[in-house]
Amino acid sequence: MNRQISNKFDEITIEYEVDGPSSAPLNLVFVHGWTCNRTHWRAQMLAFTDRYRVIAIDLAGHGESSLGRPEYSMPAFARDVEAVLDRENVQRAVLIGHSMGGMVILHACRLLGDRVVGFVGADTFKYLRDDPSTGKQFEQWQLFVNDYDSAIASVVSNMFAETTPDELRKTITEGMISAATEVAIGAMKGMADDIPLFDLAAGLDVPKYAFNATGRPMDESAVRDAGIELQYLPTNGHFVMNEDPEGFNRLLNEALEKMLD
């Protein structure tokens, strides 16, 4: 079931998908990563729709949501999430974010307060202590400004491993490189302009999880010091929920059951 909402603060149309019983004990809210879209969560939507109410969102400029936002910042994306949850009258949400979506859900947690009962990151929260303005996102944003075509090809290709199935690699790559240039550059700048997220993550008093790929660089100690339970999936690719959907869904199911205890 697809729905749309005109975002209350800037009139951008946000597309989202919702399914599952309205009487479910939790709402699972899925937030995609940079230049991606809600279809990346298809295996999770199908797996959990019988027990939970599931919502997958296209952030502004992504997927079927509209363009035209002056700044594609993480706080603005968080307000997209808030607008959808307001529209659907969600009072008990678990936020699940992949990559950039992990940054978005941390800001959304701050907006939504006690409506959030837990959050889960998917191959994200890599360098929580780092200042994004001097880190990887800033370097990538500069590359995009200088040579967009080469930069997006390089950045996207580095998200996959040798073991990534060819068809999955092709589908995800085509979707990402077809994203509007204003969104690809704007959201990368939005990540570079964001705040260091350690204090925000550490200060959230809810169950916190990260399900990350094996062998990809990250500051593991920062995640654990922030109170986030870190578990690794056997895949080496960035798109853990797509490359190992059964493993990801198993870990997510275990986390959800703990939240309901």
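That block above? That's the structure.
A brief report on the enclosed structure follows. (Residues numbered from 1 in each chain as written. Predicted model: local features only at pLDDT ≥ 70, side-chain atom pairs only at ≥ 80, totals over all residues. Heavy atoms only, no water.)

## Concerning the pattern of salt bridges
- Throughout the structure, instances matching the rule amount to 19 salt bridges.
- A salt bridge links R51 to D50; the nearest nitrogen and oxygen atoms lie 3.4 Å apart.
- R224 is the salt-bridge partner of E220, the closest N and O atoms lying 3.2 Å from each other. Of this pair, E220 and R224 both sit in helix 9 (residues 220–225), 4 residues apart, which is roughly one turn of that helix.
- Relative accessible area serves as the criterion here: at 32%, E220 is assigned to the partly exposed category.
- What makes R224 partly exposed here is its relative accessible area of 41%.
- Several salt bridges share partner residues, and in doing so they unite E17, R38, R42, D58 and E64 into one network. (Salt bridge = Lys/Arg side-chain N within 4 Å of Asp/Glu carboxyl O. Helix = DSSP H or I, 4+ residues; strand = E, 2+ residues; numbered from the N terminus. Buried < 20%, exposed > 50% of the residue type's maximum accessible area, 1.4 Å probe, protein only.)

## A word on the sheet that holds strand 8 (residues 229–233)
- One open sheet holds the 8 strands; their spatial order is 1-2-4-3-5-6-7-8, and the pairing between them is mixed. Since the sheet does not close on itself, it has two edges, and those belong to strand 1 (2–6) and strand 8, each with one partner. Each strand of the sheet is rotated relative to its neighbour by a mean of 20°, with strand direction disregarded.
- Pairing between strand 2 (residues 13–19) and strand 4 (residues 53–57): 4 bridges, direction antiparallel. Looking at strand 4, one finds that Y16 is bridged to I57.
- Each of strand 3 (27–31), strand 5 (93–98) and strand 6 (116–122) is contacted by helix 3 (residues 100–112), which is oriented at about 155° to strand 5, the strand it contacts most. (Pairing = 2+ DSSP bridges. Axes fitted to C-alpha atoms, helices over the stretch in contact; angles between N-to-C directions. Contact = heavy atoms within 4.5 Å.)

## Things to note about the packing of aromatic side chains
- Within the structure shown, the criterion is met by 10 aromatic pairs.
- Ring geometry for Y72 and F77: centres 6.3 Å apart, planes at 35°, overall tilted.
- Y72 sits in the buried class, given a relative accessible area of 3%.
- Summarising the aromatic geometry, the rings of F119 and F125 are spaced 5.7 Å apart at their centres and angled 75° between planes, so their arrangement reads as edge-to-face.
- By relative accessible area, which is 0% here, F119 ends up buried.
- Ring pairing ties together the aromatic residues F30, W41, Y209, F211 and F248, which thus form one cluster.
- Geometry around F9 places R79 over its ring, the cationic atom sitting 3.8 Å from the centre.
- Positioned above the aromatic ring of F198, the side-chain terminus of R129 is 4.6 Å from the ring centre. (Phe/Tyr/Trp six-rings, centres within 6.5 Å; stacked < 30°, edge-to-face > 60°. Lys NZ or Arg CZ within 6 Å of the ring centre and 35° of its normal.)

## As for the packing of helix 4 (residues 136–146) against helix 5 (residues 148–157)
- Contact pair helix 4 / helix 5: the axes reach a minimum separation of 6 Å and the direction vectors enclose 140°. One finds that helix 4 runs oblique with respect to helix 5. Contacts from Q140, L143, F144 and N146 of helix 4 reach helix 5 at Y148, A151, I152 and V155. (Parallel < 35°, antiparallel > 145°, perpendicular 65-115°, else oblique.)

## As for the pairing of strand 6
- Most of strand 6 sits inside the fold, with 7 of its 7 residues counted as buried.
- Sheet analysis places strand 5 next to strand 6, joined by 6 bridges and oriented parallel. Each residue of the ladder has a partner; that of L95, found in strand 6, is F119.
- Traced from strand 5 through helix 3 to strand 6, the parallel crossover comes out right-handed.
- Relative to strand 7 (residues 208–213), strand 6 runs parallel, the two sharing 4 bridges. Its bridge partner being in strand 7, A122 is matched across the sheet by F211. (Right-handed = clockwise from strand over helix to strand, strands pointing away.)

## What about the packing of helix 4 against helix 7 (residues 181–192)?
- Two numbers describe how helix 4 lies on helix 7: the axes approach to 8 Å, and their chain directions differ by 150°. Taken together, the axes of helix 4 and helix 7 lie roughly antiparallel to each other. Considering the relative orientation of helix 4 and helix 7, their crossing is left-handed. Two secondary-structure elements touch here, helix 4 through Q137, F138, Q140, W141, F144 and V145 and helix 7 through I185, M188, K189, M191 and A192.
- When its residues are assigned to classes, the contact of helix 4 with helix 7 shows 8 nonpolar, 2 polar and 1 charged. (Left-handed = near helix turned anticlockwise from the far one by under 90°. Nonpolar A, V, L, I, M, F, W, Y, C, P; charged D, E, K, R; others polar.)

From the geometry alone we can't say anything about function, so treat these as descriptive.
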